[in-house]
Amino acid sequence: MNGASEFKQYAQVMLRAFSDLHSSVHEIVGDGDLFACRVSFSGTHSGDLMGIPPTNKRFELTEAIFVRFEGNKIAEEWQYVNQLAMFQQLGINPTGEASE
């Protein structure tokens with residue numbers, strides 16, 4: 001994502017798809033201008049997710065985020081998340097079709 005507006009758009013998509021979306025930050029570690037954190041997310045797929053109708057199933061996943069700062073601003077960010085695991089928990093195959 002590039003900038004606040006893209007993040008806001010992404011957050012709106014996720015909040016429409018998962019009205020009970022919950023996130024928790026578990027650890028934050030840093031060295032110089034580089035920081036890492038472990039974050040978990042959970043929610044119920046209760047709304048449209050990029051054209052995929054609601055499955056009303058829950059998911060839980062953990063993500064690793066690394067951020068490099070220049071001064072007080074984020075210069076770079078890397079996120080590592082297993083979206084396939086989320087889709088599997090929701091009963092959605094990678095093509096976006098509901099699976100049995």
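In the block above lies the structure referred to throughout.
Given the structure is predicted, the values throughout are model-derived calculations rather than measurements.

## Details of the pattern of salt bridges
Next up, step 1: In total, this model carries four salt bridges according to the counting rule given.
Next up, step 2: Here R38 makes a salt bridge to E27, at a shortest N to O gap of 2.7 Å. With R38 in strand β2 (residues 34-44) and E27 in strand β1 (residues 22-31), the pair connects residues that are eleven residues apart, well separated along the chain.
Next up, step 3: By relative accessible area, which is 35% here, R38 ends up partly exposed.
Next up, step 4: For E76, the salt bridge is made with R68, and the minimal N-O distance between the two is 2.6 Å.

## Remarks on the packing of aromatic side chains
Next up, step 1: Evaluation of the coordinates by the stated rule reveals three aromatic pairs.
Next up, step 2: Taking the centre distance of 5.9 Å and the plane angle of 80 degrees together, the rings of F66 and Y80 count as edge-to-face. Here Y80 lies in strand β4 (residues 73-81) and F66 lies in strand β3 (residues 58-70), a separation of 14 residues in the sequence.
Next up, step 3: A residue is classified by how much of its surface remains accessible, and F66, at 30% relative accessible area, is partly exposed.

## Structural notes on the sheet that holds β3
Next up, step 1: Spatially, four strands are ordered β1-β2-β3-β4 in an open sheet, and the strand pairing comes out antiparallel. Because the sheet does not close on itself, it has two edges, and the strands there are β1 and β4. Within this sheet the neighbouring strands show an average axis-to-axis angle of 20 degrees, counted without direction.
Next up, step 2: Pairing analysis gives eight bridges linking β3 to β4, with the strands arranged antiparallel. Across the sheet, residue F69 finds its bridge partner in β4, namely I74.
Next up, step 3: Contacting β3 and β4, helix α2 (residues 83-90) crosses the sheet at an angle of about 160 degrees to β3.

## Some remarks on the nonpolar core
Next up, step 1: In this structure, M14, A17, F18, L49, I52, F59, L61, M86, F87, L90 and I92 together form the largest nonpolar core, which totals eleven residues.
Next up, step 2: With three residues, α2 is the largest single contributor of residues to this core.
Next up, step 3: Setting aside residues up to four positions removed in sequence, M14 forms contacts with L21 and L49.

About the criteria used
Residues numbered from 1 in each chain as written. Predicted model: local features only at pLDDT ≥ 70, side-chain atom pairs only at ≥ 80, totals over all residues. Heavy atoms only, no water. Salt bridge = Lys/Arg side-chain N within 4 Å of Asp/Glu carboxyl O. Helix = DSSP H or I, 4+ residues; strand = E, 2+ residues; numbered from the N terminus. Buried < 20%, exposed > 50% of the residue type's maximum accessible area, 1.4 Å probe, protein only. Phe/Tyr/Trp six-rings, centres within 6.5 Å; stacked < 30°, edge-to-face > 60°. Pairing = 2+ DSSP bridges. Axes fitted to C-alpha atoms, helices over the stretch in contact; angles between N-to-C directions. Contact = heavy atoms within 4.5 Å. Core = buried A, V, L, I, M, F, W, Y, C linked by side-chain atoms within 4.5 Å.

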